[in-house]
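Topology and contacts: notes
As a plain string of letters, each chain reads:
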Protein chains: 2
Amino acid sequence: MSEKILLELKELLEAAIAGDDESREELIDRLDNYLKAEDFEAIRDFFTSVHPADTAQILESYEPEKAWAFVKHLDVETQVKIFNYLDVKFETRIASIMDRWTLTVIMGAMSHDERADLFKELPEEHRSEILSALTQTERDDISKLASYPEGTAGAVMTSDFCALKPDMTSEEALEKLRREAPDKETIYQCYVTDNQGNLIGVVSLRELVMASPRGVVKDIMNHDPIYGRATDTSEDVADIMAKYDLMAVPIINGDDKLVGIVTFDDVHDIIEEEATEDFHRMGSIGGYGESLAGNGYLEASPWVLIQKRLPWLIALVFVNLLSSAGIAYYESTIEAVVALVFFLPLLIAGGGNAGAQSATLMVRALATADIKTKDWILLFGREIIIATILGLSMAMAISLIGVFRSGIEVALVVSMTMMAVVIFGSLVGCLLPFLLDRFKLDPATASAPLITSIADVGGIIIYFSIATWFLQTHAVV
Amino acid sequence: MSEKILLELKELLEAAIAGDDESREELIDRLDNYLKAEDFEAIRDFFTSVHPADTAQILESYEPEKAWAFVKHLDVETQVKIFNYLDVKFETRIASIMDRWTLTVIMGAMSHDERADLFKELPEEHRSEILSALTQTERDDISKLASYPEGTAGAVMTSDFCALKPDMTSEEALEKLRREAPDKETIYQCYVTDNQGNLIGVVSLRELVMASPRGVVKDIMNHDPIYGRATDTSEDVADIMAKYDLMAVPIINGDDKLVGIVTFDDVHDIIEEEATEDFHRMGSIGGYGESLAGNGYLEASPWVLIQKRLPWLIALVFVNLLSSAGIAYYESTIEAVVALVFFLPLLIAGGGNAGAQSATLMVRALATADIKTKDWILLFGREIIIATILGLSMAMAISLIGVFRSGIEVALVVSMTMMAVVIFGSLVGCLLPFLLDRFKLDPATASAPLITSIADVGGIIIYFSIATWFLQTHAVV
């Protein structure tokens with residue numbers, strides 16, 4: 001392929017990555033033509049000169065069969081790099097097409113955490129075939145990494161870390177790193193273990209490079225390394241990494257042995273996944289089954305989504321049934337003053353929306369910040385002030401509509417109600433997530449639709465109580 | 001301080017960090033006693049032997065005056081480390097207490113991005129005092145970093161990166177790194193610039209260590225470095241970092257000059273902040289003014305929160321006014337069959353909740369995944385299938401309540417309505433975020449309360465249309 005054409009293709013790639021769909025289509029077509037013309041030289045030229053992360057992104061536009069038709073003409077080293085960046089679902093589909101031998105070679109060279117993730121997705125029959133073709137060490141490594149449950153530090157960690165011994169000199173340590181570097185996830189943080197494999201220190205490449213070559217590792221290492229446990233949630237480890245500004249967190253198992261590291265490049269996915277789960281729960285979408293983060297939602301089957309959505313919708317029907325019961329109870333008031341129904345949507349939505357706002361603020365604050373009991377008294381006090389001011393403002397707004405529509409009496413009832421429902425909704429929205437959190441339940445279960453429904457029930461009861469009382473007292477009913 | 005007491009205090013600290021409020025109180029009291037007894041030796045012993053990130057967390061439990069009373073007895077190096085971990089708001093409050101001279105010394109040694117963040121928060125009169133006490137280079141650096149607007153890569157980047165020249169040997173490069181390391185944010189990625197300061201390559205410490213000492217940098221560097229622009233959003237840069245698994249992204253300005261780097265330790269905050277903003281918008285909390293991520297919500301004044309919440313609440317009143325208008329229009333139907341009001345909350349909540357679910361899924365998918373037009377046709381088709389099944393299930397559930405409560409005719413009306421409103425709500429929830437995204441608006445503006453309100457309006461119109469038509473046809477009205 002000529003330099004000029006390569007440059008053209010690279011420009012198309014750049015535009016495609018930046019989000020230009022036309023360039024993407026053109027690039028896909030042109031690469032496709034090389035494949036049809038069996039110009040494998042051109043395919044190799046292109047795919048070896050662009051970043052494997054970009055290659056992965058472009059390949060995912062094709063069907064897996066076509067993607068593999070490109071990749072199989074590349075050298076193993078490039079194949080491995082691309083596999084390290086492919087989405088695991090897509091990777092699994094490619095893996096099911098290629099021959100066992102090639103897959104084994106690629107998996108032997110992949111980074112250990114990506115490899116274990118791929119392994120977990122393979123169908124049972126492929127797994128045993130692959131395992132039997134790998135070395136004993138690789139086999140043990142994969143089984144170990146694949147054994148930790150989803151969402152734990154064990155499930156995201158990698159075992160290709162650099163381990164040093166305490167009595168090596170810096171020179172020996174650097175020599176070992178030079179030798180092992182190509183196979184390690186990072187050589188910038190090295191972990192020092194004793195003969196039992198227990199973590200006793202950490203030393204950075206920076207410290208090794210700056211230390212005197214004859215000095216021993218145990219004299220320059222940090223003896224108090226920060227670590228996580230394989231059974232911790234991946235989010236806890238991401239938080240540790242953020243708090244201490246670490247590039248990698250060593251992970252120990254139940255016997256205090258060093259078993260892996262979680263590196264900075266996992267943080268992005270961990271936090272996004274956690275935020276997505278909270279987001280979904282807040283929108284009343286069930287938490288069980290597979291996570292819908294990243295491309296999960298795009299690929300989820302209708303059946304999975306129905307399973308996640310229907311239970312909540314049905315449960316909320318029962319909560320709203322209480323609203324209906326409230327209406328039934330006050331049916332005589334409604335029959336007497338049908339005009340009251342006019343304001344019903346305004347009032348219950350007002351309370352529900354104020355509640356959804358408080359709940360959203362509270363749930364997110366509980367998820368990201370460290371709220372202590374004394375903070376909470378403050379928060380609750382502040383919410384009362386805010387709710388009162390919001391309630392007053394909303395009451396003024398609706399009183400105008402009330403006067404205009406149904407006269408001064410209804411306007412009075414309606415604005416008193418608005419004030420009360422906004423305060424009621426806000427306090428429920430503020431309190432419920434907090435109580436759930438205190439009882440060690442997920443605060444995001446106090447989702448916006450749940451808070452809205454509870455506020456609705458309260459709103460209806462408040463509305464018709466005030467209306468019945470006021471209109472009776474003033475002899476309207 | 002004896003080893004034993006130090007160990008006790010460290011154990012208290014560990015428990016406090018893990019979330020035990022009692023240990024925190026005890027630790028705070030004991031440290032307080034050292035201060036009262038003027039045992040500064042003990043204070044120094046404790047604070048120099050624990051991680052500065054932990055120190056920062058404990059100090060934030062005190063009032064700023066007390067926190068400074070501890071910190072002022074420590075050496076400058078420890079002070080600087082602690083300042084690098086303190087929350088910027090808290091730091092600003094301490095900075096306003098301490099004398100200008102000490103503040104200038106600490107700011108001179110802080111990491112460049114943390115320093116610029118602190119500078120931005122200082123009151124105007126302190127700023128000029130500080131600037132005049134710093135060197136010209138520091139002054140220029142702070143002004144430059146502080147000049148980028150909130151939310152851009154420029155505002156989170158740091159200027160203390162390692163720059164190399166292309167014709168240095170690896171040996172010379174390593175020597176330079178050794179010399180400069182203590183002042184640099186990272187030495188693991190080094191950026192190669194030409195004489196004009198343009199970024200022409202990147203080389204990792206790993207590559208430098210592994211290369212032959214006589215080889216020149218330009219032969220081992222990557223000539224095609226991945227970079228961001230100072231005006232890009234910080235989230236774009238975090239995404240680049242995640243996609244290419246980078247530890248740091250070099251940032252260039254409008255003239256293509258290398259001006260800073262964004263490092264991996266900024267990613268956590270960037271993603272959490274972005275997720276919080278989306279979360280809040282999804283709960284109808286306005287986006288203007290300061291962000292409420294992290295401890296922002298805890299510290300926000302009631303007035304800020306009211307400003308963020310009230311406009312949405314008022315705007316939604318107007319949307320819900322349409323619901324009321326719908327009710328007014330069908331007042332005669334309601335007067336004839338007041339029993340219909342019983343089902344009103346159930347039906348409109350059903351549609352609203354289904355809509356909130358779709359919107360939540362869609363907003364989050366748009367924020368985290370790369371949705372292309374062809375995906376969207378698929379998503380929309382799938383949503384129709386899902387909505388139909390959800391609608392049918394909900395219709396069956398409510399028809400039982402309908403038969404039990406008001407006989408077969410009302411049950412028929414009610415289940416037809418439920419089916420229609422769930423489909424209507426789901427499609428609105430799915431379409432609106434997508435349309436906002438297409439028109440380059442923030443999809444999260446299609447918040448759950450907005451979708452719920454729109455679904456309410458649609459639900460009321462659908463309900464009473466079906467009821468009027470059906471009950472008229474069947475001569476009930």
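Predicted model only: the values in this text are computed from it and were never measured.

Here the focus is the overall build of chain A. Each helix and strand in chain A was counted, giving 23 helices and six strands. Reported as C-alpha extents along the three principal axes, the dimensions of chain A are approximately 95 × 60 × 45 Å. For chain A, the residues scored as buried account for 47% of the 477 residues in total. Long-range contacts, defined here as pairs at least 24 residues apart, represent 71% of the contacts in chain A between residues at least 6 apart.

Residues and elements named next belong to chain B. Across the sheet, which stays open at both edges, the three strands sit in the order E1-E2-E3 with mixed pairing between neighbours. The outermost strands of the open sheet, each flanked by one partner alone, are strand E1 (162-164) and strand E3 (199-204). Going across the sheet, the axis of each strand differs from the next one's by a mean of 35 degrees, ignoring polarity. Across three bridges, the pairing between E1 and strand E2 (residues 189-193) is parallel. Note on E2: the bridge partner recorded for leucine 164 is valine 192. The strands touched by helix H13 (residues 170-180) within the sheet are E1 and E2, with E1 carrying the most contacts at an inclination of about 155 degrees.

Time to look at the interface of chain B and chain A. Residue-level contacts link 91 residues of chain B with 91 residues of chain A. Of all the elements, helix H21 (residues 339-368) of chain B adds the most residues to the side of chain B that touches chain A, at 16 residues. Classifying every residue of the side of chain B that touches chain A by side-chain character gives 56 nonpolar, 20 polar and 15 charged.

What follows is about the environment of proline 166 of chain B. Residues and elements named next belong to chain B. Structurally, proline 166 can be placed in the loop between E1 and H13. The class for proline 166 is partly exposed, based on 17 C-beta atoms found within 10 Å. As for proline 166 and methionine 362, which are separated by 196 residues in sequence, their C-alpha atoms are 47 Å apart.

Formed by 289 residues in total, the largest nonpolar core has its most connected members in Ile451 of chain A together with Ile451 of chain B. Apart from the residues within four sequence positions on either side, isoleucine 451 of chain B is in contact with Gly355, Ala356, Ala359, Val428, Gly429, Leu432 and Ala446 of chain B.

Turning to the confidence of the model for chain A, a few remarks are in order. A low pLDDT means the predicted coordinates there should not be read in detail. Residue and element names in this part refer to chain A. Overall, the prediction assigns chain A a mean pLDDT of 88, with 96% of residues at 70 or greater. The least confident element of chain A is helix H18 (residues 296-299), whose mean pLDDT is 72; the most confident is strand E5 (residues 248-252), at 96. Overall fold confidence (pTM) sits at 0.82, and the ipTM for the predicted complex is 0.82.

It is worth spelling out the pairing of strand E5 (residues 248-252) of chain B at this point. Residue and element names in this part refer to chain B. Here E5 lies mainly inside the structure; four of its five residues are buried. Direction of pairing for strand E4 (residues 228-229) relative to E5: parallel, over a ladder of two bridges. Residue pairing for E5: arginine 229 is matched across the bridge by isoleucine 252. In this sheet, strand E6 (residues 258-263) lies alongside E5 in antiparallel orientation, the contact comprising five bridges. Paired with alanine 248 across the bridge in E6 is threonine 263. Hairpin connection from E5 to E6: five residues lie between these consecutive antiparallel strands, with aspartate 256 at a positive phi of about 65 degrees.

Turning to helix H7 (residues 88-95) of chain A, a few remarks are in order. Residues and elements named next belong to chain A. Within the sequence span of H7, burial applies to Glu91, Ile94 and Ala95. Projected onto a plane normal to the axis of H7, the buried residues spread over an arc of 100 degrees and lie on a single side. In this structure, the buried side of H7 is in contact with helix H5 (64-71), helix H6 (76-85), helix H8 (100-109) and helix H9 (112-121).

Our next topic: H6 of chain A. Residues and elements named next belong to chain A. Within H6, seven of the ten residues are buried, which leaves it mostly tucked inside the rest of the structure. Among all positions in H6, only Gln79, Val80, Lys81, Ile82, Phe83, Asn84 and Tyr85 are buried. Elements in contact with the buried residues of H6: helix H4 (52-59), H5, H7, H8 and H9.

Attention now goes to the sheet that holds strand E6 (residues 258-263) of chain A. Here three strands make up an open sheet; going across it, the order is E4-E5-E6 (chain A) and the pairing mixed. Every other strand in the sheet has two partners, leaving strand E4 (228-229) and E6 of chain A as the edge strands with one partner each.

Here we come to the packing of helix H1 (residues 3-17) of chain B against helix H2 (residues 21-36) of chain B. Residue and element names in this part refer to chain B. At their nearest, the axes of H1 and H2 sit 8 Å apart, and the two run at 140 degrees to each other. Considered as vectors, H1 and H2 are oriented oblique to each other. Viewed along their axes, H1 and H2 form a crossing whose handedness is left-handed. Note on element contacts: H2 touches H1 through Ser23, Arg24, Glu26, Leu27 and Arg30, opposite Leu9, Leu12, Leu13, Ala15 and Ala16.

So, about unusual backbone geometry. Backbone geometry at lysine 440 of chain A places phi at a positive 60 degrees, although glycine is not the residue there. Its 6 C-beta neighbours within 10 Å are what place lysine 440 of chain A among the exposed residues.

Analysis parameters
Residues numbered from 1 in each chain as written. Chains lettered and ligands numbered in written order. Predicted model: local features only at pLDDT ≥ 70, side-chain atom pairs only at ≥ 80, totals over all residues. Helix = DSSP H or I, 4+ residues; strand = E, 2+ residues; numbered from the N terminus. Buried ≥ 20, exposed ≤ 12 C-beta atoms within 10 Å, placed from the backbone. Contact = placed C-beta atoms within 7 Å. Pairing = 2+ DSSP bridges. Axes fitted to C-alpha atoms, helices over the stretch in contact; angles between N-to-C directions. Nonpolar A, V, L, I, M, F, W, Y, C, P; charged D, E, K, R; others polar. Core = buried A, V, L, I, M, F, W, Y, C linked by C-beta atoms within 7 Å. pLDDT = per-residue confidence, 0-100. Arc of directions from axis to C-beta. Parallel < 35°, antiparallel > 145°, perpendicular 65-115°, else oblique. Left-handed = near helix turned anticlockwise from the far one by under 90°.

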